[in-house]
Amino acid sequence: MEISSHRILKNAFLALSAFGVWSLPSSLSAIASNSRNAINARYEGLAGVNLGLGGSPIDVALNPANLSLTKGKKVEFGLGGTYATVKFQDRFLDDDPNSNYSNSKTRSSAGPAPYLALKLPVTDSIDYGFAAFVYGGVNGAAEKIDRNTPNGESVNQWAGVNLPGALGAGRRIQETSENRGVFIKAVNGLSVKLGNLSIGGSLEVNYARQTRSIKYYDASGSFEIPGQGVSYESRSNALALSGILGLNYRFSDWFRVGYSYQTRTSFPFDGTYTFNQNDPNYYRSTGVSYQFNLPEKHGLGFAFGPENLKVGIDFVYSNYVTYLKNIHQHLGDSWYPSPQGKTANVIGHLNYRDQWAALIGLEHKITPEWTYRLGYSYNSPIVSPNAANGAQGIVLTFNQVVAAGFSYLTGPWSFDFGFSYFLPGKSLEGGKGTDWALTHAINGPNEKNFVGYSYNVQAINSIGINFGATRSFD
């Protein structure tokens, strides 16, 4: 394969982008982007260990210095997927028994993550890499949960409708909140080998899309209440540049150290808000200015042992607090309904924590054809009680991962499989002052009952499966 094949890779990336956007309305869950570095099948089986280990074309997107560890020309491609289940519960207790309600919803989601990577030698000491892949997504939702009207009035008063009987005179409605997004990368990078030291750098082009909506239904959940609800959609061409710097130093044939720095990624999520104001034939739309940041990441990795029996240990730090404590949206018009009235300045209090992760993986080549892998990672929790909400992204509440995988080598081909299992997370009790509590602890017009409202989210299970293949051309 020659570098002139970039036309083929360009078409492949366009197809990958189309696949990622097409899969958005189905169910993209949070695919490893908040807790692991596993993109391909090999690193999936190691629970994400890669920084000191290296040796795959996908290194261009993780630690580009490790491209020097992959000999010759190689193409790698595959498909990963995550299946996860999350449980949401809440309860409202008030002096007025007609206001009381409780919910218990369990929701499952699955998301595909295809990838393609290429590694080419340029000179004896310089290597080039390219990769395109779906690296993350969000599919958080709380569907048709019972609640009281957002201002505590009767349904007819709040919505300006004329529902019969208790449906209109009562305050009970149902609500569906959805938060969806997809993130895709195309990466070009180089590594330069200087004796035992390799230095690498990559430029990343990021594509992302995000949508959010809130819909309200009558108490039976049979039809959507006209003239209510809010929806947001980012523009379709949200592109952002970012980069990776990497190092790898070989102290001996038995010991290597790698370091990687991932810059922040700032997405221009400008888009449109739509508000349905009490008349099904009258919809208001306004523009929104919104910058969304994914955090910087520092990673330090070690690889021990001979080539047929390697142990890798990685430590990763991501500074979420700097970029995702609060998010700010500025609307063109003051139409956003908040507890304090309609506003043009919307602040989301995410309150994410910084994350530390420790990962360990074993890779053992037992015959010339077969290699097996084992891995474990622990990730400190990103979501605190003050960050929980009913439409939480699924993987955000998982902290421990165990993994296994294998490869089979035949001729120029290597066929790889990786499996990871996220250990069930603890139930996370939501704080009393969160955005979610503020908008759900309603017991009357301009009245809140924070003591009477409680909620929790729990990640019940999640698995990741990854199939891949690598073709050598030397």
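Model, not experiment: these values are computed from the prediction.

Examining the overall build of the chain
Move 1: The secondary structure content of the chain amounts to six helices and 25 strands.
Move 2: Counting over 474 residues, the chain shows a buried share of 53%.
Move 3: Approximately 19800 Å² of the chain is accessible, and the part contributed by carbon and sulfur atoms is 58%.

Some thoughts on the confidence of the model for the chain
Move 1: For the chain, per-residue confidence averages 86 on the pLDDT scale, and 89% of positions sit at 70 or higher.
Move 2: Within the chain, the element-level pLDDT minimum falls on helix α1 (residues 6–27), averaging 36, and the maximum on strand β8 (residues 255–262), averaging 97.
Move 3: In this model residues 1–35 is a low-confidence stretch, pLDDT under 50, and it forms 85 contacts with partners more than four residues away in sequence or in other chains.

Side note on a nonpolar patch on the surface
Move 1: A cluster of nonpolar side chains, contributed by I366, W370, Y372, L374, F406, Y408 and F415, occupies part of the molecular surface with about 630 Å² of accessible area.
Move 2: Broken down by secondary-structure element, the contributors of at least two residues to the nonpolar patch are β19 (370–379) and β20 (400–410).
Move 3: With three residues, the top contributor of residues to the nonpolar patch is β19.
Move 4: Judged by its relative accessible area of 31%, Y372 falls in the partly exposed class.

A closer look at the environment of Q89
Move 1: Its place among the elements puts Q89 in strand β1 (residues 74–92).
Move 2: Once the C-alpha coordinates of Q89 and A142 are considered, the two residues, 53 residues apart in sequence, prove to be 9.8 Å apart.
Move 3: For Q89, the contacting residues outside a window of four places in its chain are N103, S104, S454, Y455 and N456.
Move 4: A distance of 3.4 Å separates a polar atom in the side chain of Q89 from a polar atom in the side chain of S104.

Reading the values: the criteria
Residues numbered from 1 in each chain as written. Predicted model: local features only at pLDDT ≥ 70, side-chain atom pairs only at ≥ 80, totals over all residues. Heavy atoms only, no water. Helix = DSSP H or I, 4+ residues; strand = E, 2+ residues; numbered from the N terminus. Buried < 20%, exposed > 50% of the residue type's maximum accessible area, 1.4 Å probe, protein only. Areas by Shrake-Rupley, 256 points an atom, 1.4 Å probe, with all protein chains shown as cover. pLDDT = per-residue confidence, 0-100. Contact = heavy atoms within 4.5 Å. Patch = residues over 30% accessible without salt bridge, like charges linked within 9 Å, V, L, I, M, F, W, Y side chains within 5 Å. Salt bridge = Lys/Arg side-chain N within 4 Å of Asp/Glu carboxyl O. Polar contact = N/O pair within 3.5 Å; in protein donor to acceptor, adjacent residues only side chain to side chain.

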